[in-house]
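Here's the letter readout for the chains.
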Amino acid sequence: MTASEKPGRNGLSYKHAGVDVDAGEALVDRIAPLARATRRAGADADLGGFGGLFDLKAAGFKDPVLVASTDGVGTKLKIAIDTGNFDGIGQDLVAMCVNDVVVQGAEPLFFLDYYATGKLDVDAAAVVIGGIARACKETGCALIGGETAEMPGLYAKGDFDLAGFVVGAVERGNVLPKTQAMTDGDVLIGIASSGVHSNGYSLVRRVVEESGLAYEMAAPFASGLSLGQALLTPTALYVKSALAAIHTGGVKGLAHITGGGITDNLPRAIAEGLDADIDLSSWSPPGVFSWLARTAGIAGSEMLRTFNCGVGLIVVADAQKAGHVIDAFQENGDRAARIGTLVAGGGEPQVRYHGALKL
């Protein structure tokens, strides 16, 4: 600190208190072009106003229902901070939000982010928000604003937290799930996950501790990657493929498999009086799940209630159109396969498993 910067009596500034407004402005300058690149019909995605604007009429909607979601990336963020690898965490944030609105039939329209830290690292923040912008662009979602908060004393050195907010829209008659149309014999289609996604990382980090491995060491389950790189594989973005599948007319419901796994999430998309009968042997989970289960002796039932176990999205499809639904996902880059059916139940929906996970 130079003599001119030293605070005199009654001469404190915001910067002396630990908040660098200039750094915040530098970050806005860095990310403004990234936000502009996410422009879409209904939003020009310019930053700097007090609020972001979106024109539903310009986006082509006639009688829309708005669908909103907010989420974070949990303690996966801690692995990113510990390894200094922030490349994919922005996609994680967007995916956790947009995947939640698309399963209700909605097209994601615009996104806002919240980045909170003790002392702003402009370079790190720019990488994170750059990832957010790329994921928004990939899903046709405009990044129309956000907030960067510098709060010294609240976060440890180097730590930060993220939250995301998305709003989507769906025409009133197309809201999912269509529970009234579901019936015994409807097909359940599993869409492959990219890995652990962004749930269960408190348990993942505990397993890493017990394994004795460091994040920079080779991943036992992913050739050519360090353990940290493998565990930071970004959450899959299902928006394009899910919307394409919905347009086939064969989708009756969709479930995003997040915290709680298949066991707790799939019933949310199923009609009362029906159960999901799932063949656990019908897919092969990525190697990370085998490593987690074997390293820590995690029971299969616990795996299914904590992780996605290789299935990030499940579709309830009309049996006659299931093939077209599978084709729509695969033509848009997502692996899809039949994993079960709906069967008659006795009240509140539940999941019945048979077979065994290939762990």
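Owing to the predicted nature of the structure, the values given are computational and were not obtained by experimental measurement. Residue positions within a chain follow its written sequence, with the count starting from 1. Local features in this predicted model are restricted to residues of pLDDT 70 or higher, and side-chain atom pairs are both shown and tallied only at a pLDDT of 80 or more, whereas totals for entire chains, interfaces and linings draw on every residue. The side-chain quantities take in all heavy atoms of the structure and omit both hydrogens and water.

So, about the packing of aromatic side chains. The rule is short: rings of Phe, Tyr and Trp, with Trp giving its six-membered ring, pair when the centres are within 6.5 Å, and they are stacked under 30 degrees, edge-to-face over 60, tilted in between. Here the structure, examined in full by the defined rule, presents five aromatic pairs. Between Tyr 115 and Phe 160, the ring centres sit 4.8 Å apart and the planes meet at 10 degrees, which makes this aromatic pair stacked. On the criterion of sequence distance, the pair formed by Tyr 115 in strand β2 (residues 107-117) and Phe 160 in strand β4 (residues 160-171) is long-range, its members being 45 residues apart. Within the aromatic cluster, the residues linked to one another by ring pairs are Phe 86, Tyr 115 and Phe 160. Numbering of helices and strands starts at the N terminus; helices are DSSP runs of H or I of at least 4 residues and strands are runs of E of at least 2.

If you trace the backbone, Thr 306 turns up in helix α10 (residues 300-306). By relative accessible area, which is 14% here, Thr 306 ends up buried. Engagement of the side chain of Thr 306 in a polar contact is seen with the backbone oxygen of Glu 302, the distance being 2.8 Å. For Thr 306, the contacting residues outside a window of four places in its chain are Asn 199, Gly 200, Leu 203, Thr 258, Gly 260 and Gly 261. Buried residues are those whose accessible area, probed at 1.4 Å on protein chains only, stays under 20% of the maximum for their type, while exposed residues exceed 50% and partly exposed ones sit between those limits. As used in this structure description, the phrase polar contact means that two N or O atoms lie within 3.5 Å; if the pair is within protein, one of them must be able to donate a hydrogen and the other to accept it, and residues adjacent in sequence are counted only when both atoms belong to side chains. Should any heavy atoms of two residues lie within 4.5 Å, those residues are counted as being in contact.

Below, the discussion takes up the pairing of strand β7 (residues 274-279). For two strands to be treated as a pair, DSSP must find no fewer than two bridges joining them. Strand direction decides the pairing type here: β7 and strand β9 (residues 336-344), joined by five bridges, are antiparallel. Within β9, the position partnered with Leu 274 by the bridge is Ala 344.

Turning our attention to the sheet that holds β2. Think of a sheet as strands paired side by side through backbone hydrogen bonds, with each pair either parallel or antiparallel. Taken together, the four strands give an open sheet; going across it, the order is β1-β4-β2-β3, and neighbouring strands pair in mixed fashion. Among the strands making up the open sheet, the edge pair consists of β1 (64-71) and β3 (142-150). Neighbour-to-neighbour, the strand axes of the sheet open up by a mean angle of 15 degrees, direction not taken into account. Bridging between β2 and β3 involves eight bridges; their strand directions are parallel. Paired with Tyr 114 across the strands is Glu 147, a residue of β3. Axis lines are fitted to C-alpha atoms, over the contacting stretch for helices. Their N-to-C directions set the angle, which ranges from 0 to 180 degrees.

What we call a nonpolar core is a set of buried Ala, Val, Leu, Ile, Met, Phe, Trp, Tyr and Cys residues that are connected through their side-chain atoms within 4.5 Å. Phe 111, Ile 189, Leu 266, Ile 278 and Phe 329 are the most contacted members of the largest nonpolar core, which has 101 residues in total. Take this core: its biggest share by element is 10 residues, from helix α4 (residues 122-138).

This next bit is on the environment of Ala 156. Position of Ala 156 relative to the elements: it lies in the loop between β3 and β4. Judged by its relative accessible area of 46%, Ala 156 is partly exposed. A sequence separation of 187 residues divides Ala 156 from Val 343, and the C-alpha atoms of the two residues are 51 Å apart.

Residue placement: Thr 263 occurs in helix α8 (residues 261-265). Residue Thr 263 is classed as partly exposed on the basis of its relative accessible area, which comes to 23%. Distance from Thr 263 to Asn 308, taken between C-alpha atoms, is 9.5 Å for residues 45 residues apart in sequence. If we ignore the near neighbours within four places in the chain, the residues touching Thr 263 are Leu 304, Arg 305, Val 351 and Tyr 353. One polar contact links Thr 263 to Tyr 353, side chain to side chain, over a distance of 2.7 Å.

Here the focus is the sheet that holds strand β8 (residues 311-317). Read from one edge of the open sheet, six strands run β6-β8-β5-β9-β7-β10, paired in mixed fashion. At either margin of the open sheet sits one strand with a lone partner, and together these are β6 (251-256) and β10 (351-354). Averaged over all neighbouring strand pairs, the angle between strand axes comes to 30 degrees, with direction disregarded. In terms of strand pairing, β6 meets β8 through five bridges, oriented antiparallel. By the bridge assignment, Val 251 is partnered in β8 with Ala 317.

On to unusual backbone geometry. Residue Leu 176 is joined to Pro 177 through a cis peptide bond whose omega torsion reads 0 degrees. Of note in this structure, His 197 is not a glycine but carries a positive phi near 65 degrees. Assignment of secondary structure puts His 197 in the loop between β5 (187-192) and α5 (201-211).

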